[in-house]
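# Close look at the chain arrangement
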Amino acid sequence: MTARFTRRPGILAVAGVAALAIAACAPPSDDESPAASGTGSGAVDAKTATSAEAFGGMEALVSAANAEGALNVIALPPDWANYGEVIKGFQAKYPDITVTSDQPDASSADEIATAKRLKGQSGAPDVFDLGAAVALANTDMFAPYTVATWDDIPADFKDADGTWVNDYGGYMSIGYDSAKVPAPTTVADLLKADYKGKVALNGNPTEAGAAFAGVQMASIAQGGTAGDLAKGVDFFAQLNDAGNFLPVDPTPATVESGQTPLVIDWDYLNASLSAKLPTWKVLVPKEAVVAGYYYQAVNADAPHPAAARLWQEYLYSDEGQNLWLKGGARPVRFDAMKTAGTLDTAAAEALPPVEGTAVVPTQADSDAGKAYLAENWANAVG
């Protein structure tokens, strides 16, 4: 299945709402890794360095990462938040480092499982990009690290000691082919006969973060909450009974072919399809603005610890943040970069418009929602 729609990053990310509301190769073995045995002008082991400064400065970090010569990333589809260009950008900036992108269609749970299975091996992932539920349940696997731009990141979007930090986020949305279906203005519109056999959800909400957030959106739109999903499940049952729900996992191919002319998904995933299909439009329904961020972390057992930390520095640099923005995702440093004048204004202006008050589901919401879906989703749409 195509990368954009098959990544399953876990249940909706949990974070503060400020930035979203305002922004409306064969790598060496571990024993041979230069940084693993402690290099850098400060003689600090890269595995325990909590910042570039602690390692002896950026020059020392780059030198150690170049000596490692490899970086392993996992579960990063090229079309997901523009990760293809992000990886190319990192390789262009640091040509001595070969990036191996493993299992681009994997889930957050797969990332953690792979890291455990390959622990101590050169092919283990160096870094993680995770949904909240998986991230917060596995913080013992993360190495604290604070990037040079740490102060630009609001406190609600990071762990105080750098164990994890939010990276990019967005809003749940309705993407649709304006040449094939009328423009919806609300979630309730999807029950109309115009959308018979046309409403697709990105995955199964008992497994997929985007789909879970889609049910939360429907629940809120119907007067429910992000935690009590009874009304959201009932809405999809109504869609199914009306023949409007399309039980097909959408991909760019199904969108371009017209098989899935309307898709409920994150706005940055929906918005990026407009470049391939000019008639594709995106609506963030103002009656149910569901926001969420993903989590970034360094694997505490990273086989290339210096390269892992250099990757973080790149992601949170102006260049890295703007590349995410170019992919339609809202980078966590959006506001600080806007104030500093370093934000890609054209990319920012291309973001789907957002009106209304954003709802950021809590971990309690996610836990309650997961339990309800496990008991009721299959009966509603089966």
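These figures come from a predicted structure and were not determined experimentally.

Time to look at the environment of G209. Tracing the backbone shows G209 in helix 8 (residues 209-221). In sequence terms G209 and A133 are 76 residues apart; their C-alpha atoms lie 9.4 Å from each other.

The subject of this paragraph is the nonpolar core. With 84 residues, the main nonpolar core has F90, Y168, F236, I264, Y268, W311 and W377 as its most contacted residues. Among the nonpolar cores identified, the runner-up in size contains 12 residues, and A115, V134, W164 and Y295 belong to it.

Pairing between side chains of opposite charge can happen when the charged atoms of each approach one another. Tallied over the entire structure, the rule returns nine salt bridges. The salt bridge involving D152 is made with R333; its shortest N-O contact spans 2.8 Å. Of this pair, D152 sits in the loop between strand 4 (142-143) and strand 5 (165-177) while R333 sits in the loop between strand 10 (330-331) and helix 14 (334-340), placing them 181 residues apart in sequence. Under the relative-accessibility criterion, D152 is labelled partly exposed at 31%.

So, about empty space enclosed by the protein. Each pocket or cavity is described by its volume, and for the largest cavity that value is around 80 Å³. In terms of lining residues, the largest cavity is bounded by 14 residues, among which Y145, G162, V165, Q296 and Q312 are the most central. Looking at the lining of the largest cavity, the element that brings in the most residues is strand 9 (residues 289-299), giving three residues. In the lining of the largest cavity, the residues fall into 10 nonpolar, four polar and no charged. For the second largest cavity, the full set of lining residues is V73, I74, L76, Y83, V127, F128, D129, Q296 and W311. Those elements that provide at least two residues to the lining of the second largest cavity are strand 1 (70-74) and strand 3 (127-130). Per element, the largest residue contribution to the lining of the second largest cavity is three residues, and it comes from strand 3. The class makeup of the residues in the lining of the second largest cavity is seven nonpolar, one polar and one charged.

The next thing to look at is the pairing of strand 5. Taken residue by residue, a regular strand's side chains alternate between the two faces of the sheet. By the criterion of burial, strand 5 is predominantly enclosed, with 13 of the 13 residues buried. Sheet topology places strand 5 next to strand 9; five bridges connect them, and they run antiparallel. By the bridge assignment for strand 9, G169 is matched with Y293. Sheet topology places strand 5 next to strand 7 (residues 262-266); five bridges connect them, and they run antiparallel. Within strand 7, the position partnered with I174 by the bridge is I264. Both strand 5 and strand 8 (residues 280-283) contribute to a ladder of four bridges, which runs antiparallel. Counted as the bridge partner of D177 is W280 from strand 8.

By the alternation rule, side chains of strand 3 split into V127 and D129 and F128 and L130, which are all buried. Alignment of strand 3 against strand 9, held across four bridges, turns out to be antiparallel. Looking at the pairing, L130 lines up with Y295 of strand 9.

Listed as buried for helix 13 (residues 318-326) are G320, Q321, N322, L323, W324 and L325. Looking at the buried residues of helix 13, the elements they touch are helix 5 (83-93), strand 5, helix 12 (305-315), strand 10, helix 14 and helix 15 (345-349). In the segment just after helix 13, G328 is the residue with positive phi, at about 90°.

What follows covers the packing of aromatic side chains. The tally for this structure, following the rule as stated, stands at 20 aromatic pairs. When the centroid spacing of 5.0 Å and the interplanar angle of 75° are considered together, the rings of F157 and Y293 count as edge-to-face. Placement of F157 in the loop between strand 4 and strand 5 and of Y293 in strand 9 is noted, with a sequence separation of 136 residues between them. For F157, a relative accessible area of 0% puts it in the buried group.

Reading the values: rules and limits
Residues numbered from 1 in each chain as written. Predicted model: local features only at pLDDT ≥ 70, side-chain atom pairs only at ≥ 80, totals over all residues. Heavy atoms only, no water. Helix = DSSP H or I, 4+ residues; strand = E, 2+ residues; numbered from the N terminus. Core = buried A, V, L, I, M, F, W, Y, C linked by side-chain atoms within 4.5 Å. Buried < 20%, exposed > 50% of the residue type's maximum accessible area, 1.4 Å probe, protein only. Salt bridge = Lys/Arg side-chain N within 4 Å of Asp/Glu carboxyl O. 1 Å grid on protein atoms, 1.4 Å probe; cavity = no way out; pocket = protein on both sides within 12 Å on 5 of 7 lines; lining within 4 Å. Points joined across faces, edges and corners; volume = space filled by probe spheres on them. Nonpolar A, V, L, I, M, F, W, Y, C, P; charged D, E, K, R; others polar. Pairing = 2+ DSSP bridges. Contact = heavy atoms within 4.5 Å. Phe/Tyr/Trp six-rings, centres within 6.5 Å; stacked < 30°, edge-to-face > 60°.

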